[in-house]
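Spelled out from the first residue to the last, the chains are:
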Amino acid sequence: MTTPGDLRPVDPVDRAHLTGLSRPSPPIHRYAPSEHLADLVERYWIPVWSLAEPSTQSTLQHPVCLVVVSNSYARLYGVARGRSSVTLEGDGYAVGALLTPAAGRLVLGRSVATLTDRWTDLTDVLPPRHAALVDEVRAAMDRDPRDPAAHAAAVARVERWLESLLPVDEQGLLVNRLVTWLREHPEVTRVGEVAREVGLSERSLQRLVEQRLGLSPKWLVQRRRLHDAVEALKDGTTALADMAAELGYTDQSHFTRDFRTVTGMTPGEFLRDQPGGAPSTLG
């Protein structure tokens, strides 16, 4: 069973959260999963907030499903094609599991294409023997949502449920490898390159990604590029024209159009809202 000493805090590069000076984030505790669940869970995240005014948090979701148990709802989220947002109010917390690409179908029991841009109540997909999971996670967190012991108890309860989904099937392991490889190869901008890497035809790749993620391989490539862009903009050391070229765009205007379409901001607007602002040389 997970204990406070077992929880391993992690600090991943924040490529998805569209934070800035005008869009601050509440404190978020992030933890690695138990080793035997690495094929099902990327990490857990636990934000805790106490707000005088509502705060809207926006993200470019990773290409995975999410499990979220908060003090007011419990949901399984499919992948959001565009920007996803949630408004936080008052005092609250959430216990989230960033699943792997393989895991959504195993949790849902069918193709996750039915959940694209949607969510379903977590209680509707829990098996009977785990029906009390939501109440038990809340019981652990309600005592003191900032206590690492509460985090350990909540994560342990989620992990007992996820263990029941093991072992991950071969197609699940393949789509996990595919998404990891794409993330690690920013030079890849064509679907054909992805198909060759995993030994599939483009048509078979299309079916695999639609079944496991609910979207297309082309969307995967675009989302990886936008995540790379968010990371680079937060770093703030590269001129926008150079950044566009490094991301594989034909010109800066194409990069600006893609970024604004999905985030609602131009790269320059996002950059100027980062701590320290944007030097004029960055465009």
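As a starting point, this report considers the structure included with it. (Residues numbered from 1 in each chain as written. Predicted model: local features only at pLDDT ≥ 70, side-chain atom pairs only at ≥ 80, totals over all residues. Heavy atoms only, no water.)

Side note on the overall build of the protein
And step 1. Broken down by element type, the protein carries 10 helices and eight strands.
And step 2. Relative to the 2.2 N^0.38 estimate, which gives 19 Å for 283 residues, the radius of gyration of the protein is 19 Å and therefore close to what a compact globule would have.
And step 3. Here the C-alpha coordinates of the protein stretch approximately 55 × 50 × 30 Å along the principal axes.
And step 4. Split into buried and exposed, the 283 residues of the protein put 50% on the buried side.
And step 5. Across the protein, every contact between residues at least 6 apart in sequence was considered, and the portion connecting residues at least 24 apart equals 70%.
And step 6. Split by element, the accessible area of the protein, about 13400 Å² in all, is 48% carbon and sulfur.
And step 7. Side-chain charges of the protein comprise 32 positive and 36 negative groups, with the mean position of each set lying 6 Å from the other. (Helix = DSSP H or I, 4+ residues; strand = E, 2+ residues; numbered from the N terminus. Rg over C-alpha atoms; globule rule 2.2 N^0.38 Å. Buried < 20%, exposed > 50% of the residue type's maximum accessible area, 1.4 Å probe, protein only. Contact = heavy atoms within 4.5 Å. Areas by Shrake-Rupley, 256 points an atom, 1.4 Å probe, with all protein chains shown as cover. Lys, Arg positive; Asp, Glu negative; His and termini not counted. Charge placed at Lys NZ, Arg CZ, Asp CG, Glu CD.)

Section: helix α4 (residues 170-184)
And step 1. The terminal C-alpha atoms of α4 lie 21 Å apart, and with 15 residues this matches the ideal 21 Å at 1.5 Å per residue to within 8%.
And step 2. All of the buried residues in α4 are Gly172, Val175, Asn176, Leu178, Val179, Trp181 and Leu182.
And step 3. Next to the buried residues of α4 lie α5 (191-198), α6 (202-213) and α7 (217-235).
And step 4. Backbone nitrogen of Gln171 and a side-chain oxygen of the N-cap are separated by 3.4 Å at the start of α4; the cap is Asp169. (Expected span 1.5 Å × (residues − 1). Polar contact = N/O pair within 3.5 Å; in protein donor to acceptor, adjacent residues only side chain to side chain.)

Points about the packing of helix α2 (residues 133-142) against helix α3 (residues 148-163)
And step 1. Running from N to C, α2 and α3 point in directions that differ by 165°, and their axes come no closer than 8 Å. One finds that α2 runs roughly antiparallel with respect to α3. Considering how the two elements wind past one another, α2 and α3 form a crossing that is right-handed. In contact with Leu133, Glu136, Val137, Ala140 and Met141 of α2, α3 contributes Ala150, His151, Ala153, Ala154, Arg157, Val158, Arg160 and Trp161.
And step 2. Tallied by class, the residues present in the contact of α2 with α3 amount to nine nonpolar, one polar and three charged. (Axes fitted to C-alpha atoms, helices over the stretch in contact; angles between N-to-C directions. Parallel < 35°, antiparallel > 145°, perpendicular 65-115°, else oblique. Left-handed = near helix turned anticlockwise from the far one by under 90°. Nonpolar A, V, L, I, M, F, W, Y, C, P; charged D, E, K, R; others polar.)

Details of unusual backbone geometry
And step 1. Between Leu166 and Pro167 the backbone carries a cis peptide bond, its omega angle lying at 0°.
And step 2. For Pro167, the location among the structural elements is in the loop between α3 and α4.

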